[in-house]
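# Geometric and topological summary
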Amino acid sequence: SSRAIFFDMAGSFSVPDIPGTLQSWVGNETFPEIEFAVSPSTWLPDLDSLSEDVLTDRMHFFVSLIIYSFTAWNVIGTVLLVVRNRLAKDPKDPKSDEEQPLTQSSKKDAFAEQTLAEFLRSRCTITVVVVLYLMSLMAALYFCTVSGDISQSRGAGWEFWLAWLNCGMALGVVEVMALFCRPGKRKTSLYAKAMFLAHAPLVSERTDTSKDMIFAYVAWHCGEIVIAFLAVLLLLIGHAVFIYTDDVWAELLDTYFPILTSPIEVEDGESVPFYEEQLLKQTSKARAVIGKWEDVPQ
């Protein structure tokens, strides 16, 4: 197909097939035999023209690759976070009356922290980030639609999700590196937890936005231009409301900068259980506004 992009990779790259291996272990009792998934010879194909067997093979390959990518990024991010915690300086004790002498190094650290804090507090920052995220989604899905790598039954092709995940995980690593400018230690599990929540269905605003944008492009692919236009318009209006609503603005900041906005780890401090934290978040005023302007219309 002239609409597909071809790579001369057939049989040249393979990964351990996680879904296929698990199916073999459970169904055929072939443990400990490990199967391998070969990379597809055609990337960004016309999904509607592929057979069920080819679609299944693609699913096995890309799901395995996504799991390996997620694991590799978690190792990189966690190692960087451990190194950062070893180098991090403890924040100044506010109870101490003794003034610490300001050195050239401490002045630079204070300036970097103040600059980063002002950057995060600026409404312009989250506006630019949200606009860039929406534009990147639209560009990627437009490319998938033109290539045929989108369908009514399967949504966007696996190539989109692989690129989406790796870009999100890479930005998380950038956040960890920027965290070197902030004082205080963070939990070692911060990167893994933040990246899981940032890409998990139902709890992640990023994922919800991606899902809603895919719906619009699937409608366009099926010839429903009016539905596609209305879906994108509702999404843009909803995000405009989110940015200028104080409660939701804070939620967006936590969504797009989960590592930079993380609190300092307090020794012997009481931590809120994970399920309780998520329950409070999903029943907050911000989630009610998001549901009203994004979830209900979609």
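## A word on the overall build of the protein
- Helix and strand counts for the protein come out as 11 helices and six strands.
- Considering only residue pairs separated by 6 or more positions, the protein has 77% of its internal contacts joining residues 24 or more positions apart.

## Here we look at the nonpolar core
- Of all hydrophobic cores here, the largest spans 49 residues; its most connected members are Ile126, Phe160, Met213, Leu252 and Ile259.
- Not counting chain neighbours up to four residues away, the residues in contact with Met213 comprise Leu134, Leu137, Met138, Leu141, Val232 and Leu235.

## Points about the pattern of salt bridges
- For the structure on display, the rule yields four salt bridges.
- A salt bridge links Asp149 to Arg58; the shortest N-O distance between them is 3.7 Å. In this pair, Asp149 is assigned in the loop between helix H4 (123-147) and strand S5 (150-151) and Arg58 in helix H2 (residues 52-87), connecting sequence segments 91 residues apart. Of the two residues, Asp149 and Arg58, neither departs from the other in class, the shared state being buried.
- As a salt-bridge pair, Lys211 and Asp212 come within 2.9 Å of each other at their nearest N and O atoms.

## Details of the confidence of the model for the protein
- When the pLDDT values of the protein are averaged, the result is 79; 72% of them are 70 or greater.
- Averaged pLDDT values for the elements of the protein fall to 37 in strand S1 (residues 5-6) and rise to 94 in helix H5 (residues 158-178).
- Note on residues 1-11: pLDDT under 50 across the span, and 24 contacts to partners over four residues away in sequence or across chains.

## A few points about the environment of Val173
- Mapping Val173 onto the fold places it in helix H5.
- Judged by its relative accessible area of 9%, Val173 falls in the buried class.
- For Val173 and Ile76, which are 97 residues apart along the polypeptide, the C-alpha to C-alpha distance reads 7.7 Å.

## Observations regarding H5
- Here H5 spans 30 Å end to end across 21 residues, near enough to the 30 Å set by a 1.5 Å rise per residue.
- Among the residues of H5, those classed as buried are Glu159, Phe160, Leu162, Trp164, Leu165, Gly168, Met169, Gly172, Val173, Glu175 and Val176.

Thresholds applied
Residues numbered from 1 in each chain as written. Predicted model: local features only at pLDDT ≥ 70, side-chain atom pairs only at ≥ 80, totals over all residues. Heavy atoms only, no water. Helix = DSSP H or I, 4+ residues; strand = E, 2+ residues; numbered from the N terminus. Contact = heavy atoms within 4.5 Å. Core = buried A, V, L, I, M, F, W, Y, C linked by side-chain atoms within 4.5 Å. Buried < 20%, exposed > 50% of the residue type's maximum accessible area, 1.4 Å probe, protein only. Salt bridge = Lys/Arg side-chain N within 4 Å of Asp/Glu carboxyl O. pLDDT = per-residue confidence, 0-100. Expected span 1.5 Å × (residues − 1).

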